[in-house]
Amino acid sequence: MSEKTPLYSYVSQALIASGAVVDPQDELLQCLLPSHLAQALVSEEELTLKLPGSEKDGDVLNYEHPVLEHLFDHIQQDGRLTHLELTDLTSRSGGLRNVFQRTVQLSQGIGEIDRIYTSHCTYLLMHFQLDAHCQENSYSDILSFACNEETLVKSPWLTDEIASWPHKKVSPQFWKTPFPRIYNHLQQSLDPLIDKAIEPFAQRIHQSISLERRRQERLHRRERKALLQPLRDDPSQDPGPTLQALQEAEEQYKETLQAIPARYPITLHTQPLAALRVTIPITRVDYNIRLRKESRNVSWIWNPIVEQFEALRCEQCETERYHIVPTSDLALHCPRCSD
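As a starting point, this report considers the structure included with it.

Moving on to the pattern of salt bridges. As enumerated under the stated definition, the model contains 11 salt bridges in all. Notably, a salt bridge pairs Arg115 with Asp286, separated by 3.2 Å at the nearest N-O pair. Linking Arg115 in strand β7 (residues 110-134) with Asp286 in strand β10 (residues 267-291), this pair joins segments that are 171 residues apart in sequence. A residue is classified by how much of its surface remains accessible, and Arg115, at 47% relative accessible area, is partly exposed. The salt bridge involving Lys176 is made with Glu150; its shortest N-O contact spans 4.0 Å. One end of the pair, Lys176, is in the loop between β9 (167-169) and α6 (179-197); the other, Glu150, is in the loop between β8 (137-148) and α5 (158-161), and 26 residues separate them in sequence. Here Lys176 falls in the exposed class, since its relative accessible area comes to 51%. A cluster of three or more residues bridged by salt bridges with shared partners is formed by Glu150, Lys176 and Arg284.

Listed below in structure tokens is the structure:
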């Protein structure tokens, strides 16, 4: 849904996190609810919600809609989504100009600080349930990833720092970046975390494959010995049939070895488990970049928890950098992508 409908964005992502299938359209949310969720929301399993003023068929979703009230209760009971604001934390209002100039490097064009001012920023900490299976073997783990909701820059400090700062629960905040884009980013960011998490499990599976290969090798040696035994007992026999049998056994052995890994497929499944949104005061630096007759404003964020500026993501490869190179159309690239 559009950023102009934060309620729809919230309801959509909350339903998806609760196991529903949601099809967001221009003015509608087509929802298919699992039976337990429909029961919790006191709703039919097929639910259509529409924007106020829409002429399409469906229930008008507003803040008085009964489904919304039941959805709040359901999320709070499950503990899946919590909104916090850190207190006793102040953003820095002065003395950052020199820090910024030492931190940020601009190649090509001219960069000027328009203004420095205090603001707020929201960070998302998402927990995922990971399940891996291979034959009778299984592995489960909880994976966590945190990022700045606005810039999608990684925020690994969030899991360590959140417990040490006083905080309070607050009402849901608007999404400055559409939640589907944030969620896609989280899914992509999980890949290296998954690879690292299942590495011991994958090694056990590889060991099983190696054991099976060695077992097949022993069987093959026994088979070769049995095929050759008649010639050893009577060297006058015609070796042709024996050689043909050995060739067939060798081909079958190679096929068996090649087929072993396919018998040990690792299936992975991840699903959202819980989310925490944390709002903190930050300092913004509005930075104007001019290249020829074109210009673009970029917002850099100074984070008071880590006491440094957060990087920007390269708009080509998405790596996080403090050294940016604007292209002719003012896309922000890292030096590697600008070559």
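Moving on, we get to the sheet that holds strand β1 (residues 21-24). Strands sit in the order β1-β2-β3-β4 across an open sheet of 4 strands; the sheet is mixed. If you trace the sheet from one side to the other, it starts and ends with β1 and β4 (59-60), each paired once. Where β1 meets strand β2 (residues 28-32), 4 bridges bridge the pair, whose relative direction is antiparallel. Residue pairing for β2: Pro24 is matched across the bridge by Leu29.

At a minimum axis separation of 10 Å, helix α7 (residues 199-233) and helix α8 (residues 240-259) run at an interaxial angle of 175°. With respect to α8, the axis of α7 lies roughly antiparallel. Along the contact surface, α7 presents Arg213, Gln216, Glu217, His220, Glu223, Arg224, Leu227, Leu228 and Leu231, while α8 presents Thr242, Ala245, Leu246, Ala249, Glu250, Tyr253, Thr256 and Leu257. Of the residues assigned to the contact of α7 with α8, the class counts are 8 nonpolar, 4 polar and 5 charged.

Here we take up the state of the cysteines. Overall, the coordinates contain 0 disulfides when judged by the stated rule. Of all cysteine sulfurs in the structure, the one in Cys317 sits closest to Cys314, which takes part in no disulfide; the separation is 3.7 Å. Looking at the unpaired Cys317, the closest cysteine sulfur is the one in Cys337, lying at 3.6 Å. The class of Cys317 is partly exposed, set by a relative accessible area of 35%.

Let's shift gears to the environment of Leu330. Position of Leu330 among the secondary structure elements: in the loop between β15 (323-326) and β16 (332-333). Placed 177 residues apart in sequence, Leu330 and Val153 show a C-alpha to C-alpha distance of 20 Å. The contact partners of Leu330, leaving out residues within four places of it in the chain, are Ile289, Leu291, Glu294, Ser295 and Arg296.

Further remarks concern the layout of surface pockets. The volume enclosed by the largest pocket comes to roughly 390 Å³. Along the wall of the largest pocket there are 18 residues; nearest its centre are Thr151, Arg296, Leu312, Arg313 and Glu315. Looking at the lining of the largest pocket, the elements with two or more residues in it are β11 (294-303), β13 (312-313) and β16. The leading source of residues in the lining of the largest pocket is β11, at 4 residues. For the lining of the largest pocket, a count of residues per class yields 7 nonpolar, 4 polar and 7 charged. Considering only enclosed or pocket space, the second largest pocket measures out at about 290 Å³ in volume.

Attention now moves to the nonpolar core. Grouped together as the largest cluster of nonpolar side chains are 47 residues, with contacts concentrated most on Val11, Leu15, Leu33 and Leu186. Considering every element that reaches this core, the biggest residue donor is α6, with 7 residues. Discounting chain neighbours no more than four positions away, the residues touching Leu33 are Leu15, Ala20, Ala38, Leu41, Ser43, Glu44, Glu45 and Leu47. The next biggest cluster of nonpolar side chains, apart from the first, holds 17 residues, and it includes Val99, Phe100, Leu291 and Trp300.

Our focus in this paragraph is unusual backbone geometry. The backbone phi angle of Gln108 is positive, close to 75°, even though this residue is not glycine. In this structure, Gln108 sits in the loop between β6 (105-106) and β7. Given the relative accessible area of 49%, Gln108 is considered partly exposed. Although it is not a glycine, Glu307 adopts a positive phi angle of roughly 55°. Mapped onto the secondary structure, Glu307 falls in the loop between β11 and β12 (308-309). Classification of Glu307 by relative accessible area gives exposed; the value is 59%.

Criteria and cut-off values
- Residues numbered from 1 in each chain as written.
- Predicted model: local features only at pLDDT ≥ 70, side-chain atom pairs only at ≥ 80, totals over all residues.
- Heavy atoms only, no water.
- Salt bridge = Lys/Arg side-chain N within 4 Å of Asp/Glu carboxyl O.
- Helix = DSSP H or I, 4+ residues; strand = E, 2+ residues; numbered from the N terminus.
- Buried < 20%, exposed > 50% of the residue type's maximum accessible area, 1.4 Å probe, protein only.
- Pairing = 2+ DSSP bridges.
- Axes fitted to C-alpha atoms, helices over the stretch in contact; angles between N-to-C directions.
- Parallel < 35°, antiparallel > 145°, perpendicular 65-115°, else oblique.
- Contact = heavy atoms within 4.5 Å.
- Nonpolar A, V, L, I, M, F, W, Y, C, P; charged D, E, K, R; others polar.
- Disulfide = S-S within 2.5 Å.
- 1 Å grid on protein atoms, 1.4 Å probe; cavity = no way out; pocket = protein on both sides within 12 Å on 5 of 7 lines; lining within 4 Å.
- Points joined across faces, edges and corners; volume = space filled by probe spheres on them.
- Core = buried A, V, L, I, M, F, W, Y, C linked by side-chain atoms within 4.5 Å.

Structural measurements only, silent on function.
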